[in-house]
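Coordinate inspection notes
Spelled out, the chains give:
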Amino acid sequence: MACDDAVEAASSVVIIALSRFRVASGHEAEVRAAFVNRPRRVELANGFRGLEVYVDDKTPTAFLLVTRWTDAAAFHAWHESPEHHASHALMPEGLELDPKDTELIIASKLEHVSAGGHEAELVLEHVVELAAIVREGRALSLVELGSDATVLVANHAFDAAMGLPALGRSFEELVAPEAVAAARDARREVAGTPVLIQFVNDRAEPFTLRCRFFPRDRGALMLGEPPWDHHVALEQELTRINVELSVLLRENARQTRALAEAHAQLKHAHWHLEKVTEVLPMCMVCKRVRTGSAEDAWEEVAGYLQRASTFLSHGYCARCARLAEDDARRDEEDSR
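What comes next concerns the included structure.

Cut-offs applied
- Residues numbered from 1 in each chain as written.
- Predicted model: local features only at pLDDT ≥ 70, side-chain atom pairs only at ≥ 80, totals over all residues.
- Heavy atoms only, no water.
- Helix = DSSP H or I, 4+ residues; strand = E, 2+ residues; numbered from the N terminus.
- Buried < 20%, exposed > 50% of the residue type's maximum accessible area, 1.4 Å probe, protein only.
- Contact = heavy atoms within 4.5 Å.
- Areas by Shrake-Rupley, 256 points an atom, 1.4 Å probe, with all protein chains shown as cover.
- Patch = residues over 30% accessible without salt bridge, like charges linked within 9 Å, V, L, I, M, F, W, Y side chains within 5 Å.
- Salt bridge = Lys/Arg side-chain N within 4 Å of Asp/Glu carboxyl O.
- Phe/Tyr/Trp six-rings, centres within 6.5 Å; stacked < 30°, edge-to-face > 60°.
- Pairing = 2+ DSSP bridges.
- Axes fitted to C-alpha atoms, helices over the stretch in contact; angles between N-to-C directions.
- Core = buried A, V, L, I, M, F, W, Y, C linked by side-chain atoms within 4.5 Å.

1. Quick look at the overall build of the chain
Helix and strand counts for the chain come out as twelve helices and eleven strands. When each of the 336 residues of the chain is scored for burial, the buried share is 23%. A separation of at least 24 residues holds for 49% of the contacts in the chain among residues at least 6 apart in sequence. Carbon and sulfur atoms make up 57% of the accessible area of the chain, which totals about 23,000 Å².

As structure tokens, then:
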């Protein structure tokens, strides 16, 4: 019971305004054209939920205008507004209606009986908004085909995937050559049977849609969407690759910093090496080297090397090591 109450609360009140009229002046062709080219003012009316126009099969001069509204007040507000009169601007002058065959019926919808369940009722109640999503969205491809498989209608999603306007093209020219037979068979299968069909875009790149075909009087309707299971797997793989790439980028940055530090050290060492290998003025008597332009800019070779070269370290040559040992031995003997 609680579930039924929730469903009922979620449903909006919808009424149908059914207007039946018969053209008595022989202008039925002009009336049809006026409906086809109507200014679409009613789409802006508050509470409007959809519109269809039918022609009576037995009486071609009789028209059935069906509009759906959220409530009767919304319909009456539109029907009595100046916009309603302006919406008939394309109707032929001198149009006469048979007063004996003109009727307006307003009926409330009985909830929870629509074919397709509650979802179908929501679709009918929001058909205008959903149509805009199908027309302008990027997920669902909608294509209407003629009896010769010519594209009569293609929405933005399909044109974007193809990279070109599909209108007027042969559907089979848009399909990959190896998938043409499958596309033909799919149009003959049970309506709505899903089948994977591969297409080729304007850059000669293949892409796949999970398509459903629905036969029409003079052709078929195709609804296609990307194979989401495959897309999820690709997204997971892409995520894994991005993680690995981030790790590699961080390691590359670390190695770049280490390389820059090593380069700086090498540059510094190279500068000192150049200084050491330069020809230095040396006094022939005291063996000091000149390190500046001033007269007293002379210093011991060892001091200069200690100050100017990072390669200088301390140690003993073999001769000096022996002399040092001898000095140490003599010091030890003297201390006794």
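Back to the write-up after that little detour.
2. What to know about a nonpolar patch on the surface
On the surface, a nonpolar cluster with roughly 250 Å² of combined accessible area is contributed by Val123, Leu130 and Ile133. Considering the arrangement of structural elements, one finds Ile133 in helix H6 (residues 127–136).

3. Some points on the packing of aromatic side chains
Each aromatic ring pair is specified by the distance between its two centres and by the angle formed by the two planes. Under the counting rule described, the total for this entry stands at nine aromatic pairs. Note on Phe21 and Phe35: the rings are 6.4 Å apart at their centroids and 35° apart in plane angle, and the pair reads as tilted. One end of the pair, Phe21, is in strand S1 (residues 15–22); the other, Phe35, is in helix H2 (residues 28–36), and 14 residues separate them in sequence. With respect to class, Phe21 is no different from Phe35; both count as buried. With centroids separated by 5.6 Å and ring planes inclined at 15°, the aromatic side chains of Phe21 and Phe63 adopt a geometry described as stacked. With Phe21 in strand S1 and Phe63 in strand S3 (residues 62–69), the pair connects residues that are 42 residues apart, well separated along the chain. Ring pairs connect the aromatic residues Phe158, Phe171, Phe199, Phe207 and Phe213, which therefore count as one cluster.

4. A short note on the sheet that holds strand S9 (residues 219–225)
Read from one edge to the other, the open sheet built from five strands follows the order S6-S5-S9-S8-S7, with strand pairing classed as antiparallel. Each edge of the open sheet is held by one strand with a lone partner, namely strand S6 (151–154) and strand S7 (195–200). For this sheet the average axis-to-axis angle between neighbouring strands, irrespective of direction, equals 35°. Here strand S5 (residues 141–146) runs beside S6; their pairing, made up of three bridges, is antiparallel. Looking at the pairing, Glu144 lines up with Val153 of S6.

5. Considerations on the pattern of salt bridges
Evaluated as defined, the whole model comprises 23 salt bridges. A salt bridge links Arg203 to Glu205; the shortest N-O distance between them is 3.2 Å. Here Glu205 falls in the partly exposed class, since its relative accessible area comes to 37%. Linking Arg330 and Asp327 is a salt bridge whose minimum nitrogen-to-oxygen distance equals 2.3 Å. Residue Arg330 and its partner Asp327 are located together in helix H12 (residues 318–335), separated by three residues, close to a single helical turn. Exposure remark for Arg330: the relative accessible area of 45% places this residue in the partly exposed category. A network of salt bridges, in which partner residues are shared, links Arg20, Arg22, Asp56, Asp98 and Asp101.

6. Section: the pairing of S1
Bridge count for S1 against S3 is eight bridges, and the pairing is antiparallel. In the sheet register, Arg22 faces S3, and the bridge partner there is Ala62. Sheet topology places S1 next to strand S4 (residues 103–108); six bridges connect them, and they run antiparallel. Looking across to S4, one finds that Leu18 is bridged to Ile105.

7. Observations regarding the nonpolar core
Counting 23 residues, the largest nonpolar core has Phe158, Phe171, Leu174, Ile197, Phe199, Phe213 and Met222 as its most contacted members. Top element by residues in this core is strand S8 (residues 206–216). It accounts for four residues. Those residues within four positions of Phe199 in sequence are excluded, and the remaining contacts are Phe158, Met162, Phe171, Leu174, Val175, Ala176, Glu205, Pro206, Phe207, Leu209, Cys211 and Met222. Core analysis: the next-biggest nonpolar cluster, separate from the first, contains nine residues, Val42, Ala74, Phe75 and Trp78 among them.

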